[in-house]
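# Inside the fold
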Amino acid sequence: MATIEDIAKKLNISKGTVSKSLNGAADVSETLRKTVLETAVELGYTRRPRKQEAKHLCLFIKNMLYAEPSDFGYDIVIGFRKAAEPAGFLVSVVPLDDAIQTGFTYDAYMLKNNFAGAFFLGLSLSDPWLGQMQTSTTPAVLLDNYVKINPTTCYVGVDNNEGMELAISHLKQLGHRHIGFLSGTLGSYVNHVRHSAFFDALRKYDLPEAHHLAGNAVYVSECLQKHLPSLLQAGVTAIICGHDLLAHAVMVHCQELGLRVPEDISIIGFDDLPICAYTTPALTSIRQDRTQIGKSAFYAVSSLLAGVPISTLLLHTQLIVRQSTAAALPAPKIVQLPPVSGR
């Protein structure tokens with residue numbers, strides 16, 4: 001394990017300067033501090049906690065609401081803290097922006113702020129730190145993101161394949177054979193997984209599958225204006241959405257078009273947010289227990305800190321059936337009229 005003396009020799013500076021840089025002293029320039037931190041990471045230096053000092057964890061959040069009980073991230077944050085704080089850990093919630101990611105590497109930022117490990121919510125595939133986690137050494141648990149090979153990272157979430165199979169099975173039992181899927185952009189790992197899971201489930205239940213049965217877009221408005229009309233023209237009788245807010249928007253738009261939900265079109269969401277019980281009609285959704293996800297993320301972090309290279313931790317899903325799904329309308333019967341006799 002590298003020491004402060006090793007860092008000092010590498011940079012040809014005093015041990016005192018290294019120590020002050022690592023501890024955030026005001027009389028050290030930001031440029032020098034960054035150089036010391038990055039050199040410390042390069043050499044494999046690890047800050048030793050003082051006796052009786054609680055370990056400090058960071059919960060990074062990007063592209064996700066979490067302040068209100070109705071927000072997707074709220075219960076996840078609560079669950080993580082409920083597990084971490086009784087175990088003696090301090091938890092800091094840090095909104096993650098591009099300035100943080102470009103200012104320091106992930107490992108250097110964690111060393112600078114004395115964080116032992118992190119839990120990430122909302123990272124996209126284009127985030128710089130996600131790319132760095134191929135080789136990072138600080139324990140990191142990621143919601144709905146998977147980093148291969150690195151034994152200091154772990155993917156937590158729900159079994160999206162199981163969730164999609166529950167939804168498709170439910171719709172098939174109701175007589176639906178033409179089912180569509182709408183989701184956000186494929187710029188996130190979880191959207192890729194759910195997109196693939198949709199087609200896998202169609203194949204498993206021997207239902208028609210074609211690329212035009214799925215649409216994805218960055219903005220909800222694009223899904224409503226471009227992809228929803230395409231699905232309706234293709235004759236789908238049910239639509240599964242990648243998240244509940246999109247499902248609610250699709251439901252409202254279908255009603256504005258004069259379609260009855262669920263009589264004319266059945267709709268299923270994903271996540272089971274509190275709003276699902278109060279939409280008109282109440283929304284059928286695939287539930288992921290967000291409080292338990294938060295707790296599981298802490299268990300994963302603590303495992304990584306103990307040197308246990310846990311890779312993936314997925315929770316089971318549950319289909320919550322409400323009033324937005326119903327039996328598919330039978331195809332209209334063609335009545336054969338008797339031939340008109342000639343006179």
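In what follows, the structure referred to is the one given above.
Below or above, wherever it landed, is the structure these notes cover. All of these numbers come straight from a predicted model, not from anything done at the bench. (Residues numbered from 1 in each chain as written. Predicted model: local features only at pLDDT ≥ 70, side-chain atom pairs only at ≥ 80, totals over all residues. Heavy atoms only, no water.)

## Thoughts on the nonpolar core
Within the largest apolar cluster, 67 residues are counted, with the highest numbers of intra-cluster contacts made by Phe80, Phe119, Phe198, Ile240 and Val250. Residues contacting Ile240, with those up to four places away along its chain left out, are Met164, Ala167, Ile168, Leu171, Ile179, Gly180, Phe181, Leu182, Phe198 and Ile268. Membership of the second largest hydrophobic core comes to 30 residues, among which are Leu37, Ala118, Phe120 and Leu123. (Core = buried A, V, L, I, M, F, W, Y, C linked by side-chain atoms within 4.5 Å. Buried < 20%, exposed > 50% of the residue type's maximum accessible area, 1.4 Å probe, protein only. Contact = heavy atoms within 4.5 Å.)

## Points about unusual backbone geometry
With the exception of glycine, most residues fall at negative phi, and the peptide bonds are largely trans. A cis amide bond links Val261 to the next residue, Pro262, at an omega of 15 degrees. As for its position among the elements, Pro262 is in the loop between α11 (244-256) and β9 (266-271). A cis amide bond, omega -5 degrees, links Thr280 with the succeeding residue Pro281. Secondary-structure assignment places Pro281 in the loop between β9 and β10 (284-287). With a phi angle near 60 degrees, Asn63 is a residue other than glycine that sits in the positive phi range. With respect to the helices and strands, Asn63 occurs in the loop between β1 (56-61) and α4 (72-84). Relative accessible area serves as the criterion here: at 61%, Asn63 is assigned to the exposed category. Here the phi dihedral of Ile149 falls at roughly 75 degrees; this positive angle occurs in a residue that is not glycine. As for its position among the elements, Ile149 is in the loop between β4 (140-143) and β5 (153-158). On the accessibility criterion, Ile149 (82% relative accessible area) is exposed. (Helix = DSSP H or I, 4+ residues; strand = E, 2+ residues; numbered from the N terminus.)

## Regarding helix α12 (residues 290-305)
An α-helical turn contains 3.6 residues, so any two residues separated by three or four positions project in the same direction. Spanning 16 residues, α12 covers 23 Å between terminal C-alpha atoms, matching the ideal 22 Å at 1.5 Å per step. By the burial criterion, the buried members of α12 are Arg290, Thr291, Ile293, Gly294, Ser296, Ala297, Phe298, Ala300, Val301 and Leu304. The N-cap of α12, judged by a side-chain oxygen 3.3 Å from the amide nitrogen of Thr291 a few residues on, is Asp289. Of the residues flanking the end of α12, it is Gly307, one or two places downstream, whose phi is positive at about 85 degrees. (Expected span 1.5 Å × (residues − 1). Polar contact = N/O pair within 3.5 Å; in protein donor to acceptor, adjacent residues only side chain to side chain.)

## Digging into the environment of Ser303
Relative to the elements of secondary structure, Ser303 occurs in helix α12. The partly exposed category is assigned to Ser303, whose relative accessible area is 21%. Spatially, the C-alpha atoms of Ser303 and Leu143 are 16 Å apart, while their sequence positions differ by 160 residues. Setting aside residues no more than four positions away along its own chain, Ser303 makes contact with Val308 and Ile310.

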